Amino acid sequence: MKSLSEIRQLLQRIKINLFEKEFNIRCEIDNKFDAGRIFLQVIYLAKCNKNNEEQEWHGRKFYLSEHMTSDEIIKTAYSAFKASIEHETMEAF
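Here's a quick rundown of the structure.

1. Comments concerning the pattern of salt bridges
Tallying each qualifying case throughout the model produces three salt bridges. Across the pair K61 and D30 runs a salt bridge whose closest N-O atoms are separated by 3.6 Å. Here K61, found in the loop between β4 (54-58) and β5 (62-63), pairs with D30, found in strand β2 (residues 21-30); they are 31 residues apart in sequence, far enough to count as distant. Under the relative-accessibility criterion, K61 is labelled partly exposed at 28%. The partner of D71 in a salt bridge is K75, and the shortest N-O contact between them spans 3.0 Å. Residue D71 and its partner K75 are both found in helix α2 (residues 70-92); the two are separated by four residues, about one turn of the helix. The partly exposed category is assigned to D71, whose relative accessible area is 44%.

Dropping the structure here:
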């Protein structure tokens, strides 16, 4: 099992910039579960469709298995990013 710091170090290799926006990947432990569970979440700044003010948006949480390999962690980070982009696309549609 990789530690939180090992996963964060792995994720530092990822840089995501699209639509003139910088997307960041948050990696934390959700203590709502018994032993805590590590998750990834995309965070980015975007204008609100209701008031046109720029604010911080958080994508859904993608929980990691305690047995995930580095490759699976990177692919989960990509899935989190892809879900955020699809959400922004639907908002603009």
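Anyway, onward from the coordinates.
2. Observations regarding the packing of helix α1 (residues 4-11) against α2
Running from N to C, α1 and α2 cross one another at 60°; their axes reach a closest spacing of 10 Å. Regarding α1 and α2, the two cross each other, and that crossing is right-handed. Contacts between α1 and α2 involve I7, L10 and L11 from the former and S70, I73, I74 and A77 from the latter.

3. Points about the packing of aromatic side chains
Under the criterion given, the structure shown has three aromatic pairs. Ring plane angle 40° and centroid distance 4.9 Å describe the contact between F23 and Y44, whose orientation is recorded as tilted. Of this pair, F23 sits in strand β2 while Y44 sits in strand β3 (residues 37-47); the two residues are 21 residues apart in sequence, bridging distant segments of the chain. Per residue, the accessibility class of F23 equals that of Y44, and both read buried. Among the aromatic residues, those joined into a cluster by ring pairs are F23, Y44 and F81. For R60, the ring lying beneath its charged end belongs to F62, and the centroid distance is 3.8 Å. Against the face of F39 rests K61, its NZ or CZ located 4.6 Å from the ring centre.

4. Topic: the nonpolar core
In this structure, L4, I7, L10, L11, C27, I38, L40, L64, M68, I73 and A77 together form the largest nonpolar core, which totals eleven residues. Residue assignment for this core shows that the elements contributing at least two residues are α1, β3 and α2. Residue contributions to this core peak at four residues, all from α1. Residue contacts for I38: discarding those within four places in its chain leaves K2, S3, L4, I7, C27, E28, I29, F62, Y63 and L64. With nine residues, the next largest nonpolar core counts V42, Y44, F62 and A80 among its residues.

Conventions and cut-offs
Residues numbered from 1 in each chain as written. Predicted model: local features only at pLDDT ≥ 70, side-chain atom pairs only at ≥ 80, totals over all residues. Heavy atoms only, no water. Salt bridge = Lys/Arg side-chain N within 4 Å of Asp/Glu carboxyl O. Helix = DSSP H or I, 4+ residues; strand = E, 2+ residues; numbered from the N terminus. Buried < 20%, exposed > 50% of the residue type's maximum accessible area, 1.4 Å probe, protein only. Axes fitted to C-alpha atoms, helices over the stretch in contact; angles between N-to-C directions. Left-handed = near helix turned anticlockwise from the far one by under 90°. Contact = heavy atoms within 4.5 Å. Phe/Tyr/Trp six-rings, centres within 6.5 Å; stacked < 30°, edge-to-face > 60°. Lys NZ or Arg CZ within 6 Å of the ring centre and 35° of its normal. Core = buried A, V, L, I, M, F, W, Y, C linked by side-chain atoms within 4.5 Å.

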